[in-house]
Every structure is written in C-alpha cells, then in structure tokens.
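# Commentary on secondary and tertiary structure
Here is what each chain is made of, one letter per residue.
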Amino acid sequence: MEHTNQRIVVKVGTSTITHDSGAANLRNIDHLVRTLADLHGLGHEVILVTSGAIAVGTAKLGLAERPRELRMKQATAAVGQCRLMHIYDKFFSEYNRSVAQILLTGDDVEDPERAEHLRSTFSALLEMGVIPVVNENDSVSSAEIETGRHKVLGDNDTLSAIVAELCRADLLILLSDIDGLYDADPKRFPGARLLHQVRELTPEILEMAGGAGSWRGTGGMATKLSAARVAMNAGCDMVITNGTRIEDLYGIVDGQDIGTRFLARR
C-alpha cells in the first residue's frame, strides 16, 4: 500500500484530545490537525471520527462532574459538540483545510436509503477536498451514552468502522490510550508481547479482549475488536495505536509495523 493515495478514517478517543478536567487539550488537537492536514496534502483523503463532546461540554459549562442523568448528558454533549467543531474548524483553517460536521445515529446507517445518501455526501465532500468530522449524534441518540442500548452504534470505535465501511475506506486508525493488542496484560506481565499483525479474529485473539470486568474490557479492547471485524469484512485494514504519538500516523499510512494492524480480507 506504500505511497499510493489512500482513503483514511482516523478515530480519536476522548483521552487523546482532552485534559483530565475534560477541557479540550489544544496542544494535542493542534498536533493531530497538523498531521491530518499534512497527510491530506500528500494526497490522501481523510475522515476524522472524534469523541469528547460530553467531556468538553462538562468543562465548558463549569460542571463539577460528568452529568449522570440522560437528558443532562445529551444537553452537555450538544454544548461540547459545538465547542469541539469550533476548535477543529479554527485549527484546520490555519492549515488551509475546510471541515464539515456529520452527526450520525444508528438509524442513519441501518436504513439503506439513508446510508446511501450518507455515502453520497461523504463522497461529495471528499471530492471537494473537505475533511469530514464525524461524531455520534448524542443529543438525539442515547446509544453511546447509555451503552448497549442500540445494536448498531454505541461507541465511537464501532462508529468509525461503520464510517470506514460506508466510505469504502482503505485504512481505519484508532488512536487510543493503548499501544495495541497484547498477548497478555502488559501491566501485570512485563514480558507481554504486542501483536503487530492480526490476519483473522480467531477465538484466541477474541479471548485476549477479555470480559467487561477485565483490564482490557475497561480499556474497550472488546469494542475495538468488534470494530476490526466490521472493517476487515469491508476490505479495510484497521490499526490500533497510541494517541500520545500522533506522528506515528505517517508510518502507519506507509504500512510500517506500528501498533496492531488487522489485515482486511482483500
């Protein structure tokens, strides 16, 4: 895949773009935006799937903690989404790039007619050199907020894989707070090995994601593997990598062994 222009979906987790307080981490966002603008300048088509609306909204509203009540979470997400888009628009503009906002719910991607309209919209935006910025529409959908309530979306890992499938992307990159998929818990077993390539989601690989109560379940490895399944079946490679090293995106796009790459069925 080296040096060919690719259609790339990059998903960024809340921990990468916010401080512990929930406020937007402008330094990290600027680094991310600069790198994506650069990849765009190299001829790649770029789509960004972003988390962080509730965290940023909580900070913006000066709330002591993330709201617990659904309607308050959704209201906070609406405030945070506005702030996030303002930041992305400002930073991408500094690198002469235009962005578009796309907010999705499970119904949008489940309904064939809506999905087709979405595909056309993405296609038109990319044709015009625009970078779509995608998030789940939290103020309408409760799927992500109340996880497990909706079978399609419910987390941005899955959302980004569905976007990759819709857009017929070549590569999906999940920037998270872990280096990739290990064969054991690296915190407990210093000799744990990072798997650089996964060709098939075997029972052994799925076992490594652990259950909800395990170290990996809380880190969301199970959702990342279900995203990998969607991407691989759609003919799209997926990479899990650490969001603290945004510059690794260049190497990943060139096919280097960074993080864990799940190889698509070609």
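See the structure shown above.
None of these values were measured; they are calculated from a predicted model. (Residues numbered from 1 in each chain as written. Predicted model: local features only at pLDDT ≥ 70, side-chain atom pairs only at ≥ 80, totals over all residues. Heavy atoms only, no water.)

## Considering the overall build of the chain
Of the regular secondary structure elements, the chain holds 11 helices and 8 strands. Looking at the chain as a whole, 52% of its 266 residues are labelled buried. Counting contacts in the chain only where the partners sit at least 6 residues apart, residues at least 24 apart contribute 72% of the total. Total accessible area on the chain stands at roughly 12400 Å², and carbon and sulfur atoms take up 48% of it. (Helix = DSSP H or I, 4+ residues; strand = E, 2+ residues; numbered from the N terminus. Buried < 20%, exposed > 50% of the residue type's maximum accessible area, 1.4 Å probe, protein only. Contact = heavy atoms within 4.5 Å. Areas by Shrake-Rupley, 256 points an atom, 1.4 Å probe, with all protein chains shown as cover.)

## Here's the deal with the pattern of salt bridges
Counted by the stated rule, this structure contains 13 salt bridges. A salt bridge links R68 to E65; the nearest nitrogen and oxygen atoms lie 3.1 Å apart. Look at R68 and you get exposed, because its relative accessible area is 65%. The network of salt bridges with shared partners includes K11, D157 and K224. (Salt bridge = Lys/Arg side-chain N within 4 Å of Asp/Glu carboxyl O.)

## As for the sheet that holds strand 8 (residues 260–262)
Ordered by their spatial adjacency, 8 strands build an open sheet running 3-4-2-1-5-7-8-6, and the pairing between neighbours is mixed. Every interior strand has two partners, whereas the edge strands, strand 3 (99–104) and strand 6 (197–198), have only one. Strands in contact with helix 10 (residues 221–233) are strand 5 (171–176), strand 6, strand 7 (237–242) and strand 8; relative to strand 7, the strand with the most contacts, it is inclined by about 155°. (Pairing = 2+ DSSP bridges. Axes fitted to C-alpha atoms, helices over the stretch in contact; angles between N-to-C directions.)

## What about the pairing of strand 7?
Summarising burial for strand 7: 6 of the 6 residues are buried, a large majority. Of the two faces of strand 7, both are covered, the one formed by D237, V239 and T241 as well as the one formed by M238, I240 and N242. Pairing of strand 5 with strand 7, which is carried by 6 bridges, proceeds in the parallel orientation. Bridge assignment links L174 to a residue of strand 7, and that residue is I240.

## A look at the state of the cysteines
Evaluation of the coordinates by the stated rule reveals 0 disulfides. With no disulfide of its own, C167 lies 9.7 Å from the sulfur of C236, the closest cysteine sulfur. With relative accessibility at 4%, the residue C167 sits in the buried group. (Disulfide = S-S within 2.5 Å.)

## A closer look at the packing of helix 7 (residues 156–166) against helix 10
Running from amino to carboxyl end, helix 7 crosses helix 10 at an angle of 10°, the nearest separation of the two axes being 8 Å. By the angle class used here, helix 7 and helix 10 are roughly parallel. Along its contact with helix 7, which presents D157, T158, A161, I162 and E165, the element helix 10 presents T223, K224, S226, A227, V230 and A231. Tallied by class, residues from the contact of helix 7 with helix 10 come to 5 nonpolar, 3 polar and 3 charged. (Parallel < 35°, antiparallel > 145°, perpendicular 65-115°, else oblique. Nonpolar A, V, L, I, M, F, W, Y, C, P; charged D, E, K, R; others polar.)

## Considering the side chain of D157
Mapped onto the elements of the fold, D157 is located in helix 7. Once residues lying within four places of it in the same chain are set aside, the contact partners of D157 are K11, L174, G220, T223, K224 and A227.

## Remarks on the packing of aromatic side chains
The full count for this structure, using the stated rule, is 1 aromatic pair. Residues Y88 and F92 carry aromatic rings whose centres are separated by 6.5 Å and whose planes lie at 40° to one another, so their mutual orientation is tilted. One end of the pair, Y88, and the other, F92, are both in helix 4 (residues 70–94), 4 residues apart, so they sit about a helical turn from each other. For the pair Y88 and F92, a shared accessibility class is recorded, and that class is buried. (Phe/Tyr/Trp six-rings, centres within 6.5 Å; stacked < 30°, edge-to-face > 60°.)

## Remarks on the side chain of K224
For K224, the position within the fold is in helix 10. The class for K224 is buried, based on a relative accessible area of 5%. Side chain to side chain, K224 and D157 meet in a polar contact 3.1 Å long. (Polar contact = N/O pair within 3.5 Å; in protein donor to acceptor, adjacent residues only side chain to side chain.)

## Observations concerning helix 6 (residues 112–127)
Over its 16 residues, helix 6 runs 22 Å from end to end, which matches the ideal 22 Å to within 8%, given 1.5 Å per residue. Of all the residues in helix 6, the buried ones are A115, L118, F122, L125 and L126. For helix 6, the angular spread of the buried residues around the axis is 95°, confining them to a single face. The outward face of helix 6, more than 90 degrees from its buried face, is lined by the exposed residues E113, H117 and E127. For helix 6, the capping residue at the N-terminal end is D111, with a side-chain oxygen 3.0 Å from the backbone nitrogen of E113. G129, located one to two residues past helix 6, shows a positive phi value of around 80°. (Expected span 1.5 Å × (residues − 1). Arc of directions from axis to C-beta.)

## Overview of the pairing of strand 2 (residues 45–50)
Burial within strand 2 is extensive, with 5 of its 6 residues counted as buried. By the bridge criterion, 6 bridges tie strand 1 (residues 7–12) to strand 2 in an arrangement that is parallel. Of the residues in strand 2, the one forming a bridge with V9 is I47. Taken together, the 2 bridges between strand 2 and strand 4 (residues 131–136) define a ladder with parallel strand orientation. Note on strand 4: the bridge partner recorded for L48 is V133.

All we've got here are geometric facts, nothing functional implied.
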